[in-house]
Amino acid sequence: RRVLLLGEGNFSFSASLCGAEGTHVVATSYESEEEASGRGGAARSIRRLRESGAEVVFSVDCTKLKDYFLPGKREFDCIYFNFPHCGRKAGVVKNRELLARFFRSSAEVLAEEGEVHVALCNGQGGTPADQPRREWHNSWQIVAVAAGAGFILSNVHPFKAETIHGYKCTGYRSQDKSFCVEGALNHVFTRSTPPLCFTPVSCRTQLGSQEVSFQVPQVLVDKINRGFLDLNSNHPVRAVKEKLIAGLRKAFPLQDINSCLPLLHQGHLDGVCHSNVFWITPSPEEAPGTEEMSQGLANAVLLSHVDFCPDTDKDVQEGCPIPQQFYLRPSLLPHAQAIIQKGAFLPGTLHVLSGPVFRKCLITPHSTPVFHEMLIVFAVHRGTENSCIQMLAENIKTTIQFLHQAVSGIKPSINLREATSLETTELSDFAAFESQLGEIQHFLCMGTDTDTSGSCVGIIRTAPHVSESSELVVVLASLNLDLLAMLLCGISDWRMLWTSDTRFLRQFPEGQLRLFKSFSLYPPSYVHDVSFWVPDGEQFDEVAFHTIARRVSGETVLSIQLRDSFQQTGTGRKSLCYRVTFQSCDRALSCQEAAEMQLHFRKEIQQHLGVTLR
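Here's a quick rundown of the structure.

About the criteria used
- Residues numbered from 1 in each chain as written.
- Predicted model: local features only at pLDDT ≥ 70, side-chain atom pairs only at ≥ 80, totals over all residues.
- Heavy atoms only, no water.
- Core = buried A, V, L, I, M, F, W, Y, C linked by side-chain atoms within 4.5 Å.
- Buried < 20%, exposed > 50% of the residue type's maximum accessible area, 1.4 Å probe, protein only.
- Contact = heavy atoms within 4.5 Å.
- Axes fitted to C-alpha atoms, helices over the stretch in contact; angles between N-to-C directions.
- Helix = DSSP H or I, 4+ residues; strand = E, 2+ residues; numbered from the N terminus.
- Parallel < 35°, antiparallel > 145°, perpendicular 65-115°, else oblique.
- Left-handed = near helix turned anticlockwise from the far one by under 90°.
- Nonpolar A, V, L, I, M, F, W, Y, C, P; charged D, E, K, R; others polar.
- Pairing = 2+ DSSP bridges.
- Polar contact = N/O pair within 3.5 Å; in protein donor to acceptor, adjacent residues only side chain to side chain.
- Salt bridge = Lys/Arg side-chain N within 4 Å of Asp/Glu carboxyl O.
- Disulfide = S-S within 2.5 Å.
- Expected span 1.5 Å × (residues − 1).
- Arc of directions from axis to C-beta.

## With respect to the nonpolar core
Moving on, step 1. Ranked by size, the top nonpolar core spans 72 residues in total, and within it Leu244, Leu248, Leu328, Met374, Ile376, Leu392 and Ile396 carry the most contacts.
Moving on, step 2. The residues contacting Ile376, other than those within four sequence positions of it, are Leu248, Leu350, His351, Val352, Leu392, Ile396, Val475, Leu476, Ala477 and Leu479.
Moving on, step 3. Counting residues in each nonpolar core, the second largest holds 30 residues, with Cys62, Leu98, Leu99 and Ala146 among its members.

Here it is, written out as structure tokens:
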């Protein structure tokens with residue numbers, strides 16, 4: 001391991017590391033050798049470092065590190081910068097600037113999986129780990145500053161000076177004087193994954209007897225065909241599915257249907273709000289010319305982003321063998337209908353389908369525009385449906401409770417609640433959309449320490465069998481695998497399930513379910529307001545508003561809150577003001593990036609929603 005130490009005063013910290021096995025120390029000082037050697041004990045520490053084979057370099061500017069090291073010697077595994085300071089009575093602004101330039105410089109000499117350690121006095125960092133915590137404007141804002149250079153805070157722990165052999169802090173106001181390090185914290189930063197580049201992605205799917213290509217809506221580009229449920233996947237979503245199926249097999253005959261189900265559906269969606277659906281205009285494979293097809297796909301996706309609705313916009317090409325109105329499947333229910341109609345659909349056997357489904361929704365930590373649905377379909381004799389539902393729910397409940405207790409040591413409360421006992425305002429986005437697909441008899445709710453009322457993780461409904469003379473009733477149970485994985489593993493933000501950072505899946509080796517530990521602590525948030533006049537006589541589409549925010553920010557909008565609604569006297573014009581909070585749960589997001597996203601967001605809502613910005 002190559003370790004670089006910056007801003008050393010008396011070199012006592014470097015000297016404490018130089019004997020570590022397998023470690024090559026490069027200790028540096030901003031001062032000249034003559035100035036540094038004059039500090040108490042420095043000459044002795046420098047001599048010890050050189051005798052141990054360490055490098056000692058003087059007059060090193062921490063903001064220009066690549067200038068001091070040849071290309072082949074820039075890959076440092078760890079960079080330490082203890083108690084950085086501009087010197088004398090420099091204020092927080094100057095020290096923030098120093099840190100910003102230091103982090104940018106460190107990025108040029110740090111190994112890909114290296115760490116940057118920055119020790120700060122109590123309160124300087126501005127994170128919740130500081131006790132007491134300073135006001136944000138009076139801190140060094142270290143996490144936000146580091147984000148500007150592509151770093152995330154992955155760990156923070158006390159800087160215990162008393163445990164470092166021979167260490168003595170020095171440099172108070174650029175003098176050979178010590179300073180108070182009680183309550184000091186060591187901040188450990190790592191590289192973030194780079195910002196997502198949303199290049200257009202085309203997808204192919206079987207539609208009847210034809211193979212159809214379509215361009216994926218931009219908001220779903222990083223979520224399509226991720227293979228979370230594939231056999232070789234270690235993702236916790238697949239682990240939850242496999243555990244549930246294993247539990248069900250103990251009580252029921254079961255068929256796990258793993259056939260590739262089409263992503264596109266066709267036709268009307270009775271009772272479903274069209275603004276909740278991703279509409280697609282596909283191009284058949286035999287369409288003439290690749291360039292022409294690509295242009296057609298680009299036009300189609302533009303329409304889907306502005307809530308292209310088949311009820312209002314008819315754009316069927318004359319002579320085309322496939323009707324042009326399709327949508328990404330919001331549910332697996334239509335596939336269940338195909339199973340029910342087969343002769344092999346026997347009473348008592350569970351048929352299990354699973355796969356991603358797509359729904360436009362408002363932005364909240366638990367509202368997902370795509371999630372993995374597990375749909376359980378089985379037929380029972382009329383009059384026995386209630387007892388069979390109770391038996392199924394009890395089986396699922398037992399499995400989930402066992403998993404939660406194995407992961408966290410806590411047994412959660414899981415309740416099967418009558419649909420009539422829940423008010424509309426109590427329904428999650430998942431449950432609310434399911435209610436649009438047909439009548440629901442029961443909600444499966446899972447409570448936690450922080451939410452004892454429970455989050456809806458599944459619904460159960462019944463339907464008559466396709467045969468009019470049949471004495472059978474079909475029971476359909478839908479489970480949200482993503483939400484279950486979040487609750488079981490302690491994942492607070494659904495976006496983490498879709499991260500491209502390999503540190504996420506490393507926490508679940510061979511598909512083991514464990515409590516998740518975030519690798520991005522205290523991510524900075526940036527608040528922007530946007531206000532506008534709504535077009536006269538039109539109902540404002542809030543789902544479309546949130547969907548545009550998702551798209552332009554690459555899912556870095558944490559929340560959108562209505563701050564004010566105002567109706568102008570006389571004209572009747574309506575003005576809305578929303579507060580948009582940007583925050584990434586898994587990668588670095590700088591203040592400048594968030595500001596640029598906000599400007600883009602304003603332009604997009606003006607263009608696609610017809611609002612007049614204020």
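## Remarks on the packing of helix α13 (residues 542-553) against helix α14 (residues 591-609)
Moving on, step 1. It is at 9 Å that the axes of α13 and α14 come closest, and there the two elements cross at 140°. Considering the angle they form, α13 stands oblique to α14. Helix-helix and strand crossings are classified by hand; for α13 and α14 the assignment is right-handed. Each of Ala544, Phe545, Ile548, Ala549, Arg551, Val552 and Ser553 in α13 lies in contact with α14, whose residues at this interface are Met597, His600, Phe601, Glu604, Ile605, His608 and Leu609.
Moving on, step 2. Here the contact of α13 with α14 is built from residues that sort into 9 nonpolar, 3 polar and 2 charged.

## A short note on the pairing of strand β16 (residues 370-381)
Moving on, step 1. A large share of β16 lies buried, amounting to 11 of its 12 residues.
Moving on, step 2. The sheet contact formed by strand β15 (residues 350-358) and β16 spans 8 bridges and is antiparallel. Bridge pairing links Gly355 to Glu373 in β16.
Moving on, step 3. Here 9 bridges tie β16 to strand β20 (residues 472-480), and the two strands are oriented antiparallel to one another. Counted as the bridge partner of Met374 is Leu479 from β20.

## Describing the side chain of Ser553
Moving on, step 1. Mapped onto the elements, Ser553 comes out in helix α13.
Moving on, step 2. Under the relative-accessibility criterion, Ser553 is labelled buried at 3%.
Moving on, step 3. Among the polar contacts listed, one links the side chain of Ser553 to the backbone nitrogen of Val557, at a separation of 3.4 Å.

## Notes on the pattern of salt bridges
Moving on, step 1. Evaluation of the coordinates by the stated rule reveals 14 salt bridges.
Moving on, step 2. The residue Glu113 makes a salt bridge to Arg506 at a minimum N-O spacing of 3.4 Å. With Glu113 in strand β5 (residues 110-120) and Arg506 in the loop between α12 (502-505) and β21 (526-533), this pair connects stretches of sequence that are 393 residues apart.
Moving on, step 3. A salt bridge links Arg550 to Glu555, with the nearest nitrogen and oxygen atoms 3.1 Å apart. Comparing Arg550 with Glu555 shows no difference in burial state: the two are buried.
Moving on, step 4. Here the salt bridges share partners, and the residues they tie into one network are Asp222, Lys223, Arg550 and Glu555.

## Quick notes on the environment of Gln436
Moving on, step 1. Among the secondary structure elements, Gln436 is positioned in helix α10 (residues 429-436).
Moving on, step 2. On the basis of relative accessibility, which here comes to 23%, the residue Gln436 falls in the partly exposed class.
Moving on, step 3. Gln436 sits 163 residues away from Cys273 along the chain, and the two C-alpha atoms are 7.8 Å apart.
Moving on, step 4. The residues contacting Gln436, other than those within four sequence positions of it, are Asp270, Gly271, Val272, Cys273 and Asn276.

## Concerning the state of the cysteines
Such a bond, covalent and formed between the sulfur atoms of two cysteines, is termed a disulfide.
Moving on, step 1. Applying the stated rule across the entire model yields 0 disulfides.
Moving on, step 2. Sulfur of Cys456: no disulfide; nearest cysteine sulfur belongs to Cys445 and is 5.1 Å away.
Moving on, step 3. Taking relative accessible area as the criterion, Cys456 reaches 8% and is therefore assigned buried.

## Some details on the environment of Gly227
Moving on, step 1. Turning to its location among the elements, Gly227 is positioned in the loop between β9 (210-215) and α6 (236-249).
Moving on, step 2. Sequence-wise, Gly227 and Arg238 are 11 residues apart; in three dimensions their C-alpha atoms are separated by 9.4 Å.

## Digging into the environment of Gln206
Moving on, step 1. Here Gln206 is to be found in strand β8 (residues 202-207).
Moving on, step 2. Sequence separation of Gln206 and Pro262 is 56 residues, and the distance between their C-alpha atoms is 5.9 Å.
Moving on, step 3. In contact with Gln206, other than residues within four places in its own chain, are Glu211 and Pro262.

## Digging into helix α9 (residues 385-408)
Moving on, step 1. Look at α9: 34 Å from first C-alpha to last across 24 residues, which is about the 34 Å you get at 1.5 Å a residue.
Moving on, step 2. Directly beyond the C-terminal end of α9, a positive phi value near 80° is found at Gly409.

## Topic: α14
Moving on, step 1. A rise of 1.5 Å per residue sets the reference length of α14, with its 19 residues, at 27 Å; its end C-alpha atoms lie 26 Å apart and thus fit the reference within 8%.
Moving on, step 2. Among the residues of α14, those classed as buried are Ala594, Met597, Gln598, Phe601, Glu604, Ile605, His608 and Leu609. Viewed along the axis of α14, the buried residues span an arc of 135°, placing them on a single side of the element. Turned more than 90 degrees away from the buried face of α14, the exposed residues are Gln592, Leu599, Lys603 and Gln607.
Moving on, step 3. Residue Gly610 follows α14 closely and has a positive phi angle near 70°.

## A word on the packing of α9 against helix α11 (residues 481-489)
Moving on, step 1. Here α9 crosses α11 at 40°, and the two axes come no closer than 9 Å. Residues Ile400, Leu403, His404 and Val407 of α9 lie in contact with α11, whose contacting residues are Leu484, Leu487 and Leu488.
Moving on, step 2. Here the contact of α9 with α11 is built from residues that sort into 6 nonpolar, 1 polar and no charged.

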